[in-house]
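Understanding the architecture of this molecule
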Amino acid sequence: MLKTKIAVLVSGGGTNLQALIDAQKSAIIKSGEIVTVIADKPTAYALTRAANANIPTAVVCKKECAGQADFEEKLLAELKKAEVEMIILAGFMCILSADFTKRWENRIINVHPSLIPSFCGEGFYGLHVHEAALGYGVKVTGATVHFVNEIPDGGKIILQKAVTIQDGDTPEVLQKRVMEEAEWKILPQAAEIVAADIAANRK
Ligand code: GAR
């Protein structure tokens, strides 16, 4: 069966991208292939990780776009160029419009560093999520991979994994544990589930 062509969208360090690249190498992801990595800023270290793995990259600099519509038009052009069939948001810190997400219904997945519906939605990203979890005093947090729709972090859940909070955790320590124990595992697993589904239902 033809592999599903995947674009990974990134903004930062790209450890989740690295987990996807490693999963592709070890055949945890076998129904999909990362054909492009697109960043919203040229400084994203994730671009270096992609280059090291010989994966083509593109930058659509959000700051240089005229607005959301212009940004998404440029993203769509890159996706079309690479004949992308599925999008993975891996630490991509931009919200996509309803117009965009509708065009890609059930074809965009995102990893979020909490157990949705806790600590999610607009304003909850990166370290802020872990600050909020520690601030609230929850004893268990985790990560979620979900489909992306017009509601930030509101799409159907694909996989979740719980992580225990320990005494003395700082946001940084907790972020690392959530990544290691949850995100880097469930993101590749969910990617394979969705890629396999798209490949099986391709007309
Ligand atoms: C990850 O923890 C990811 O779950 C989170 O940002 C980090 C990116 O790290 N994403 C969000 O908060 C999205 N709402 P990475 O660049 O090393 O993968």
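Structure: above.
So, a few notes on the structure that sits alongside this text. This one's a predicted model, so the numbers in the text were calculated from it and none came from an experiment.

**Brief notes about the environment of Val-194**
- Tracing the chain through its elements places Val-194 in helix 6 (residues 171-200).
- Look past the residues within four positions of Val-194 in its chain and what remains in contact with it is Met-86, Asn-106, Ile-109, Phe-147 and Ile-158.

**Some details on the side chain of Asp-169**
- As for its position among the elements, Asp-169 is in the loop between strand 7 (157-164) and helix 6.
- The exposure class of Asp-169 is buried, given its relative accessible area of 13%.
- The residues contacting Asp-169, other than those within four sequence positions of it, are Leu-134, Leu-174 and Arg-177.

**A look at the site of the ligand**
- Residues in contact with the ligand amount to 14 residues; listed here are only the nearest, Gly-14, Thr-15, Asn-16, Gly-126 and Glu-183.
- At 3.5 Å from an oxygen atom of the ligand is found a main-chain nitrogen or oxygen belonging to Gly-13.
- A distance of 3.3 Å is found between a nitrogen atom of the ligand and a side-chain nitrogen or oxygen belonging to His-112.
- A total of 450 Å² of accessible area belongs to the ligand in isolation, and the protein chains cover 92% of it.
- Looking at the shell around the ligand, the elements with two or more residues in it are helix 1 (15-25), strand 5 (108-112) and helix 6.

About the cut-offs
- Residues numbered from 1 in each chain as written.
- Predicted model: local features only at pLDDT ≥ 70, side-chain atom pairs only at ≥ 80, totals over all residues.
- Heavy atoms only, no water.
- Helix = DSSP H or I, 4+ residues; strand = E, 2+ residues; numbered from the N terminus.
- Contact = heavy atoms within 4.5 Å.
- Buried < 20%, exposed > 50% of the residue type's maximum accessible area, 1.4 Å probe, protein only.
- Near = heavy atom within 4 Å.
- Polar contact = N/O pair within 3.5 Å; in protein donor to acceptor, adjacent residues only side chain to side chain.
- Areas by Shrake-Rupley, 256 points an atom, 1.4 Å probe, with all protein chains shown as cover.

Scope: geometric values only; no functional claims are made or implied.
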